[in-house]
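# Residue-level structure breakdown
If you want the building blocks of each chain, they are given just below.
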Amino acid sequence: MSLIGSPSHVKAMSALIYGGEAVCRVSGNNDESADLRFSGSIRTCRTRKIGEVVNKVLVATGLNESSNHATVFGSDLPTVQERAFRRVDKATTIPLKPQWQEWLWEKMISPEKLYSFGDEDFQEAYLVNIPSDETLELHVLEAIKTGEIQ
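Residues numbered from 1 in each chain as written. Predicted model: local features only at pLDDT ≥ 70, side-chain atom pairs only at ≥ 80, totals over all residues. Heavy atoms only, no water.

## What to know about the packing of aromatic side chains
What characterises a pair of aromatic rings is the spacing of the ring centres plus the angle enclosed by the ring planes. Scanning the entire structure with this criterion turns up one aromatic pair. Here the aromatic rings of Trp105 and Tyr126 are separated by 5.2 Å at their centres, their planes lie at 75 degrees, and the arrangement is edge-to-face. Here Tyr126 lies in strand β8 (residues 124-129) and Trp105 lies in helix α3 (residues 101-108), a separation of 21 residues in the sequence. Exposure remark for Tyr126: the relative accessible area of 11% places this residue in the buried category. (Phe/Tyr/Trp six-rings, centres within 6.5 Å; stacked < 30°, edge-to-face > 60°. Helix = DSSP H or I, 4+ residues; strand = E, 2+ residues; numbered from the N terminus. Buried < 20%, exposed > 50% of the residue type's maximum accessible area, 1.4 Å probe, protein only.)

Structure representation (structure tokens):
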């Protein structure tokens, strides 16, 4: 999450977020919106003052098993896909093969491109769905049975 504003506003909002008290409403196209909360611990990735404005970037850290979404960053799409695969693999008890990475990306994790900026390690960013073990197992077994994956 990127906070932009006066130093006092950014400091106050950061305190609320770190305290777990803030819910952010994210608005999208077609008047869709969703509430956003950080799951797990939070760290400040960057704080930069530009003139009278402060930009502070917060990132959720650690693995929260109850979270069903994750943000994955990388310098390019293949790196993001690999990291998304590793994130899902770490969150599930279902054994996953690395060669299923593309299938998982296309069929299971519903990647949603995010706006990103910064150095080259943050050029690509996606929000991905972490499927439940039950859902993942069902789809993996079906894909194996139909020959979609091996």
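Back to the text.
## Regarding the environment of Cys45
For Cys45, the position within the fold is in strand β4 (residues 41-50). Looking at Cys45, the relative accessible area reads 30%, which means it is partly exposed. Aside from chain neighbours lying at most four places away, what touches Cys45 is Val57, Val59 and Phe122. (Contact = heavy atoms within 4.5 Å.)

## Quick look at the pairing of β8
As paired strands, strand β6 (residues 69-74) and β8 are joined by six bridges and run antiparallel to one another. Paired with Val72 across the bridge in β8 is Tyr126. Here two bridges tie strand β7 (residues 112-113) to β8, and the two strands are oriented antiparallel to one another. Bridging from a neighbouring strand, Lys113 pairs with Tyr126 of β8. (Pairing = 2+ DSSP bridges.)

## Some points on helix α1 (residues 7-18)
Counted at 1.5 Å a residue, the expected span for α1 with its 12 residues is 16 Å, and the 16 Å between its end C-alpha atoms agrees. Backbone geometry just downstream of α1 places Gly20 in the positive-phi region, at approximately 75 degrees. (Expected span 1.5 Å × (residues − 1).)

## Thoughts on the packing of α3 against helix α4 (residues 133-146)
Viewed as axis vectors pointing N to C, α3 and α4 meet at an angle of 120 degrees, and their least axial separation amounts to 12 Å. It follows that α3 is oblique to α4 by the angle criterion. In this structure, α3 crosses over α4, and the sense of that crossing is right-handed. In this structure, α3 contributes Trp103, Leu104 and Met108 to the contact, and α4 contributes Thr135, Leu136, His139, Val140 and Ala143. Per-class residue counts for the contact of α3 with α4 are six nonpolar, two polar and no charged. (Axes fitted to C-alpha atoms, helices over the stretch in contact; angles between N-to-C directions. Parallel < 35°, antiparallel > 145°, perpendicular 65-115°, else oblique. Left-handed = near helix turned anticlockwise from the far one by under 90°. Nonpolar A, V, L, I, M, F, W, Y, C, P; charged D, E, K, R; others polar.)

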